Amino acid sequence: MEEDASLFPKKELLDNVPLSEDEREDLEDPEYEAEFLPPEAANSADLGYCCPQRKQSTDADKSKKRPAVPDRLKACHLRKTWSHLEKLREEKELFIQKTRGELRACHQRIDSITKQQASVAAEVAAGKEANNTSAAVGRLQAVSRRLCMELDNERDMQSKITALLQKSENTMWHLAIQEGQLEDVRKSAQEEEVTSRKYLREQVAKQLHKEEEASEKIKRNRLLRVRKSMCLQKDHVLRHQKLVEDAQKNHRIAVKFLKASLRRIREQEKEEEMKSREHMKRRMDAVLALKNSITANRETLRKFQAWSQAKADLAEQKAQAEKEMILAQGGDAFKQLFHQRRCEELEAQNRTFKEEQKLRKQEIINQILKEEAEEEKRKKKQSSPAPAMGQAPLREKTWSYITDICEGRDAVALPSFPGDKLQDGDRAEHPKASQFLEAISSESIQGDLRNVSWEDDTLAEPEIPGLWKEDYKPYQVPKEEADRKPVDGTKMDKDILARTMEQLRSRVTHKQVVSGHEFKGRPFNSKPKLIHFKDFDIGKVYKKKITLINATYTINYCKLVGVEEHLRDFIHIDFDPPGPMSAGMSCEVLVTFKPMINKDLEGNVSFLAQTGGFSVPLKCSTKKCTLSLDKELIDFGSYVVGETTSRIITLTNIGGLGTRFKFVRASESYEMDLSQSVMKISSLFTYEDKGSYEKIIISPSEQQMEGNESSPFDMQSQKKELDNKEQEEGHPTESEGVTVTTVMTIPPSEEQMEISLGEVTEGEIGPFSSIKVPVIFTPVTPGTIHSMFKVMFKNQQCPTLYFRVMGVAMDVPVWVPKPNVDLKICMYDRLYQDSVLVHTRSKAALRLKFEVCKELREHVELLPETGYIQAQSSYAVQLKFLPRHSLPEDAGKYFDKESRVLEAPMTIQVADQFVDIQPNDGFGTILPLETLQLDVIFQPTKAKEYSFELICKSEINRSFKLACRAVGIHPPLELSHYQVKFAATSLYDTSVATLYIINSHVSINSLIHSVPRIGSEDAFPVGPTSFEFLLPPDAPITISPSVGTVSPGKRCLIQVAFRPVLPSELIRQEAFQALNKQVEVKSVRKDTVTQRKDLRRQSFSTLRLQNRDRLLRTSTPLNTELHEQDLKSNSDEYQAAQATLARSFQGKFDKFVVPCVVAHGDTKDRKGTEPLSFSPHNTLYLELWCPAVAPSIVVTSNKGITTTNFGDIAVGHHGIRKVSIQNISSEDLAVEFSVLNPNGPFILLNPISKLPAGETQILTLSFSPHESVLAQETLDIITKRGTLSLTLTGTGVASMITCSIEGDVLDMGYVIARESVSSSFKLQNCSALPIKFSLQLDSLSPSRSKGQQQLPQFLTSPAQRTEVVGTQNHSGQSVFSVIPVKGIMDPGKAQDFTVTFSPDHESLYFSDRLQVMLFEKKLSHQILLKGAAREHMMFVEGGDPLDVPVESLTVIPTYDPEHREEAEELKPILVTLDYIQLDTDTPAPPATRELQVGCIRTTQLSPKKLPDLLLPGSCAWPASPTSSSSVPQSVEFSLDSSTSLQHKGFTIEPSRGSVERGQTKTISISWMPPADFDPDHPLMVSALLHLKGDVKETYKVLFVAQVVTGP
């Protein structure tokens, strides 16, 4: 028993039993909370039965209350033990049954083995007795041994199974004992369960009774309220009725007085309106008069300008004529004109000086007169001593002073006036002579103007210094050198040499023509195209190898001509002429460059080919320092006050020369070196010219400095002071530079503290390197912070670079000084911790809630989740990170699987903060009699009604309370983003942002989540909710969809598009201005021509009057015409003005707030146009930031119009248009193009990949329509700065031509051989394009010769005959001809064509096909031409064919007229008639056929007209029947055997008659079977048809008639 007990200890039996569902619910009941029992209480069965008193007390308390928590836990453990024992017992019973079965099987095997042993032993004994061989006995003995072993094994197995069975039975007994011990527990548990159920039923009954009483009370209260409301409603109705009656009575009285008042008011309004109209009319008249006056003055000014221009032109022509005259006389025209121009300038300066002298003299005289008048007034008031005898009067002294100055003598200062008591306003020192000289214009010269002599003082200088001096002796050439010539020859020699070389080269080069194509262009292509030596050092040797490729059609030669003259000292070319070079072959050229000077060099390496000369450009660039910043604006965005962030700006040097740099603020103190080398001024400049030149040497970059830097005028003053000092010391200022160092100190601002640079702000930047400088943003005060920085360089050739930094500081009461927590490298299933410190600047305690994004809640934890931070203190939060292996899948977008980096946001929410006071958080200072405006910002956290007070306290402890009420609204829909910030978008480009509108309202249970409601009202109903965005008018915003419905738990995708455009009114205004300018230019040109003519005849005064009259006549109609013109958006003027404004657009920033109203229900459920009930309270607001900038790429061709219209293009043809685009931005742009429709008609022929800054590229576009359709596509040119859309339009026009021939068969009829006949037809151009046509005959086609190599058509069956070209003339000429053969048909016009049929022999099968080709490639019509020729004028048609429609190859012999009749044979004609016999009783109609007898119209004269044509005195010849010269007027025919034919059932009408020329007559043949006709044998009858014309012909007509059974 001890072993059995050890196998199943009580602790295992009690602890390892799982709880049932009911027991788990009881333990999880939140009403009862208890701790777990310690392990010592596991032996609960023994403890439960050792205390019978406790059991009795427990049973006694069951009826009063629910059992205590320890008892319930103990009972729970006992139930678990009981169920566990039951399970073990069942398992043991099953195991015992299996063990007993195995034991029985073991017994059976033992019995079987025992029997086998007995039988084997008997066989062994029998064998031994029989003395058998030892082999059989041995085998039996081996079997016996094996059986013994098996028997031993089975007995061992039997003992083990018996022991196991006994052990299992012992376990069963132990379990039975334990079950007996727990029997009482089971019964007590059942009783306890019954008691608890009874207790619950009693509680339910009590609660139900209470609820019924409460409902009854509610019903009674509701009835009382209803009765009370009905009484109140009745009282309200009575009061309302009384008020209505009183109001009607008062209304009647008021109407009476109102009418009288309105009558008086209308009269007053009429009077005022009349006065205002009169006043407006006067103002309009004044405005029109002013406008006409302005127009007249403007036109007058134009006339003056035109007159001045004409005068200037005349002066220029005169000067040119004088120049030519001087040159013709052999003088120096430049010197003469220069002297003349200087004389004119001096005369102008003299006139200016004299006018200034007169003005100054007038001012002095006025001042003297004023002083004398005042002196006389003073003398009258008080007596004054008489002037001294030797002292001159004031007036005389002043005049003498002025005279001395004008005469050029030294002026003597006027003596001071004794006892001068003049007022301050009149007291002034008399100007000195130097002051008068300074008033002279800078263009004047110093000295006595009267003594200026241009013969003595000339500005011209000789080419050789000292040549014009009196003591100059010319150099005498030695005799031995007199015969020598210059090394390079004289100018004439050089010209002769150049002409000789040109002639030689023209003889060497010749044109290259291959297969009829002449080669034009560059004969050799260079690879590379440019020989560029970059960043060279003086003294070193550089070599480059280029390859010349023969680009001509055939063999060519190449010869080196050399380099340009200025490159010969530095460039050496090694070129071995390769001799004749085939097309595509190449040769190499070695270029060696040895620089001697540090200077950029450019030139060409010239070569001579057989087809002409060519050159390869050469460029040598010195080392330069090319610096740039990767960005000009650093925008930090929005950051909380107290945080710190940084951005990197990169300074890049792409040149081969390094320099020293320094990053400083634009307003920071720094040293600026203004020293620049002053150029040496030639002696041609006067002193005033030098002074004006020195004013320009200040660098324009210094004038662009901002803020507190000194102005250019201060720098000029400083420079002048230094110049004066140098002049005093004797230093010249013309040839030396001036260095001015200005140091400016600016006190540090608050922006410097918030935006600062990193540690590395200055240093050296090497060639082809970059430097990264951090810019740190630490916001201190709320608001937008701007700062300007610049980068200065030691190299003076490098311009100063500027960049701006901006950021927005947000004032949030709580911030984190360390916004990023970096846990470095982490491992899975390891815990990592860190502390997050939170600060607050609020003066009140705040409740914080720390949230982790839902994707990482299984891996990251913030403890505690909720906390309070005290006023102006900090709070620490513990961050725990335990990454598990499922992190990559759980984190989603926050985890980068390639870099294995996790970046996820953690949120800190400040609860109960729904009111904010701004600015400065409600703190500030208010002055006496000052008003401050504060913003109270309300941000509700819940949907409820808020009521609170704001207390304003002052420093003197006064408090002011402000009661506030607000309603918090939770709308039923929400936006995924309430603010959209578009990127900077170019004009007419589109930026698209995507957001969602979400309906998360799926349940009305407010205990689960917050439900949408307005304040404390009822919750918004669950269901589909509709929305509508209300866009502001004329906003460049498009929202799609703007109206829709969102189902509960769903979301709807919203796309917001921003497309900035220019206002149409602004574009029209610009277009009107451009049109006005064009009209003005045209009128000025016209008036200028008229004015030039009138200048010869009229005076200027008369011309001015005429121009004014003409202006008054023409200005008004022009302006009226311009203003009345309605510019459409697709007009050229409108699009050109739009392109001009877009190019000069400076940028614009707009902010739009778009409301989104919300209503319950589906938009599909509304009836008709009935709108949904949108609530203004549930409105959502979407804020859009829309910055618009100028496009980076513009169209420069076609006035900037982005629409390319190819016009009308014929189908199958193509049109080419070229569009020029320019990059107007400051950086190179990578260009991509949108994909055009691959099956469409538009093709971009030369796409580009890069567009450098400022450059222009030409795009070639092709339009190839495949059908008649109006095509339009948009080609987007995409760059990182925006997209330029080109609209491609074109119309494919089908070449539609109609032919006047019906059936496309033109039958020329019968013609007498060797005569001709013509027929006409028309082709009509029904398209809108001119069509180029050509007509081709198949008989003249080059491809017809191939078909003639095949079998003749008469050898093939009729079904296989496809040849349309029939019999042709024997002479080789075409039997058919057409004119015109080619041409162009204008749109809507028709073209007449004439077809001539000219056979040269007799045949019935002349045919050909005429093909109408359009644009030499499209087949429009095929016209079959047919004709027949006869030797005589009569012919018979009809009957069945008896021969093939192809002529035989044998030539038909021609007979003389005398033997023609003998050679004639009867010509057969077969006529088959089929009589259709019907089965009905109705008689069938007769079988009918027709024959046509015709007479051909001929050009031969008839016998009646021959005598009239005989000349006088001539004799007429007798007409013979066989003579071809006498042709009868008609043809007679007769058919024989008509009587016999009638007996056979034939009826022929007519049987005889005559046919006129050009006419045909039909012979109708009908047949009815006679009574004796045998249907089995066809009827065959013949008759002779005689024709008599110019000859006699006889035809044998064979009639075959038969009866055919009908259907």
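Keep in mind it's a predicted model, so treat the numbers as computed, not measured.

Draft legend 1. The arrangement of the overall build of the protein chain in detail. Along its length, the protein chain carries 24 helices and 74 strands. Residue burial in the protein chain is summarised as follows: out of 1607 residues, 30% are buried. Partitioning the contacts of the protein chain with sequence separation of at least 6, the portion at a separation of at least 24 is 72%. Entry remark: accessible area of the protein chain is about 106000 Å², with carbon and sulfur atoms responsible for 53%.

Draft legend 2. Summary view of the sheet that holds strand β69 (residues 1530–1535). Strand order across the open sheet formed by five strands is β67-β74-β73-β69-β71, with mixed pairing between neighbours. On the outer flanks of this sheet lie β67 (1467–1477) and β71 (1552–1556), each paired with one strand and no other. Taking the axes of each pair of neighbouring strands and ignoring which way they run, one obtains an average angle of 25° across the sheet. Across five bridges, the pairing between β69 and β71 is antiparallel. For S1530, the partnering residue across the bridge sits in β71 and is E1556.

Draft legend 3. Focus on the packing of helix α8 (residues 183–329) against helix α9 (residues 333–381). At a closest axis distance of 9 Å, the pairing of α8 and α9 adopts a crossing angle of 140°. Taken together, the axis directions place α8 and α9 in an arrangement best described as oblique. The chirality of how α8 crosses α9 is right-handed. Counted together, A319, E322, K323, I326 and L327 of α8 and A333, Q336, L337 and Q340 of α9 form the full contact between these two elements. Grouping the amino acids of the contact of α8 with α9 by side-chain chemistry returns five nonpolar, two polar and two charged.

Draft legend 4. Spotlight on a positive patch on the surface. On the surface, K259, R263, R264, R266 and K270 cluster together into a patch of positive charge. Looking at the element boundaries, R266 is found in helix α8.

Draft legend 5. Seen up close, the sheet that holds strand β42 (residues 1037–1040). The antiparallel open sheet is built from four strands, whose spatial order is β36-β39-β44-β42. Each edge of the sheet is formed by a strand with only one pairing partner; in this case those strands are β36 (974–975) and β42. With two bridges connecting them, β36 and strand β39 (residues 991–998) associate as antiparallel partners. Bridging from a neighbouring strand, E974 pairs with I998 of β39.

Draft legend 6. Layout of a negative patch on the surface. Where like charges cluster on the molecular surface, the negative patch consists of E211, E212, E213 and E216. In this fold, E211 is placed in helix α8.

Draft legend 7. Highlighting the packing of aromatic side chains. As enumerated under the stated definition, the model contains 28 aromatic pairs in all. With 5.2 Å between their ring centres and 40° between their planes, F533 and F593 make a pair best called tilted. Residue F533 is found in strand β4 (residues 531–536), and its partner F593 is found in strand β8 (residues 586–593); the two are separated by 60 residues along the sequence. Given a relative accessible area of 0%, F593 falls into the buried group. For K92, the ring lying beneath its charged end belongs to F95, and the centroid distance is 5.8 Å.

Draft legend 8. Structural context of the environment of I1469. Assignment of secondary structure puts I1469 in strand β67. For I1469, a relative accessible area of 9% corresponds to the buried category. Sequence separation between I1469 and V1597 is 128 residues, and the spatial gap between their C-alpha atoms is 4.6 Å.

Draft legend 9. Examining the side chain of S1262 more closely. Here S1262 shows up in strand β54 (residues 1256–1263). By relative accessible area, S1262 is classed as buried at 6%. Beyond its immediate chain neighbours, meaning those up to four positions away, S1262 contacts F1206, H1214, G1215, I1216, P1241, F1242, I1243 and L1245.

Draft legend 10. Focus on the environment of L590. Summarising the element assignment, L590 is placed in strand β8. Sequence-wise, L590 and K544 are 46 residues apart; in three dimensions their C-alpha atoms are separated by 5.9 Å. Excluding residues that lie within four positions of it along the chain, L590 makes contacts with K543, K544, H572, I573 and D574.

Draft legend 11. Region of the structure containing the nonpolar core. By size, the foremost hydrophobic cluster in this structure holds 39 residues, and its most contacted members are F1546, I1565, W1567 and F1599. Those residues in contact with W1567 that sit more than four places away from it in its chain are L1473, Y1475, P1486, A1487, K1544, G1545, F1546, F1573, L1579, A1601, Q1602 and V1603.

Draft legend 12. Quick peek at the pattern of salt bridges. Across all of its chains, the model carries 32 salt bridges by this definition. The partner of R660 in a salt bridge is E762, and the shortest N-O contact between them spans 4.0 Å. In this pair, R660 is assigned in strand β14 (residues 659–665) and E762 in strand β18 (residues 762–765), connecting sequence segments 102 residues apart. Several salt bridges converge on common partners, so that one network encompasses E1402, R1430, K1467 and E1593.

Draft legend 13. Region of the structure containing the confidence of the model for the protein chain. When pLDDT is averaged along the protein chain, the result is 76, and 74% of the positions lie at 70 or above. Least confident of the elements in the protein chain is strand β16 (residues 741–743), whose mean pLDDT is 34; most confident is strand β44 (residues 1051–1058), at 94. Scored below 50 in pLDDT, residues 669–751 shows 93 contacts in the model against residues more than four places distant or in partner chains. The model gives residues 1457–1463 a pLDDT under 50, and that stretch makes six contacts with residues more than four places away or in other chains.

Draft legend 14. Region of the structure containing a nonpolar patch on the surface. There is a patch of nonpolar side chains on the surface, built from L258, L262 and I265 and spanning about 240 Å² of accessible area. Positionally, L262 belongs in helix α8. On the accessibility criterion, L262 (32% relative accessible area) is partly exposed.

About the cut-offs
- Residues numbered from 1 in each chain as written.
- Predicted model: local features only at pLDDT ≥ 70, side-chain atom pairs only at ≥ 80, totals over all residues.
- Heavy atoms only, no water.
- Helix = DSSP H or I, 4+ residues; strand = E, 2+ residues; numbered from the N terminus.
- Buried < 20%, exposed > 50% of the residue type's maximum accessible area, 1.4 Å probe, protein only.
- Contact = heavy atoms within 4.5 Å.
- Areas by Shrake-Rupley, 256 points an atom, 1.4 Å probe, with all protein chains shown as cover.
- Pairing = 2+ DSSP bridges.
- Axes fitted to C-alpha atoms, helices over the stretch in contact; angles between N-to-C directions.
- Parallel < 35°, antiparallel > 145°, perpendicular 65-115°, else oblique.
- Left-handed = near helix turned anticlockwise from the far one by under 90°.
- Nonpolar A, V, L, I, M, F, W, Y, C, P; charged D, E, K, R; others polar.
- Patch = residues over 30% accessible without salt bridge, like charges linked within 9 Å, V, L, I, M, F, W, Y side chains within 5 Å.
- Salt bridge = Lys/Arg side-chain N within 4 Å of Asp/Glu carboxyl O.
- Lys, Arg positive; Asp, Glu negative; His and termini not counted.
- Charge placed at Lys NZ, Arg CZ, Asp CG, Glu CD.
- Phe/Tyr/Trp six-rings, centres within 6.5 Å; stacked < 30°, edge-to-face > 60°.
- Lys NZ or Arg CZ within 6 Å of the ring centre and 35° of its normal.
- Core = buried A, V, L, I, M, F, W, Y, C linked by side-chain atoms within 4.5 Å.
- pLDDT = per-residue confidence, 0-100.

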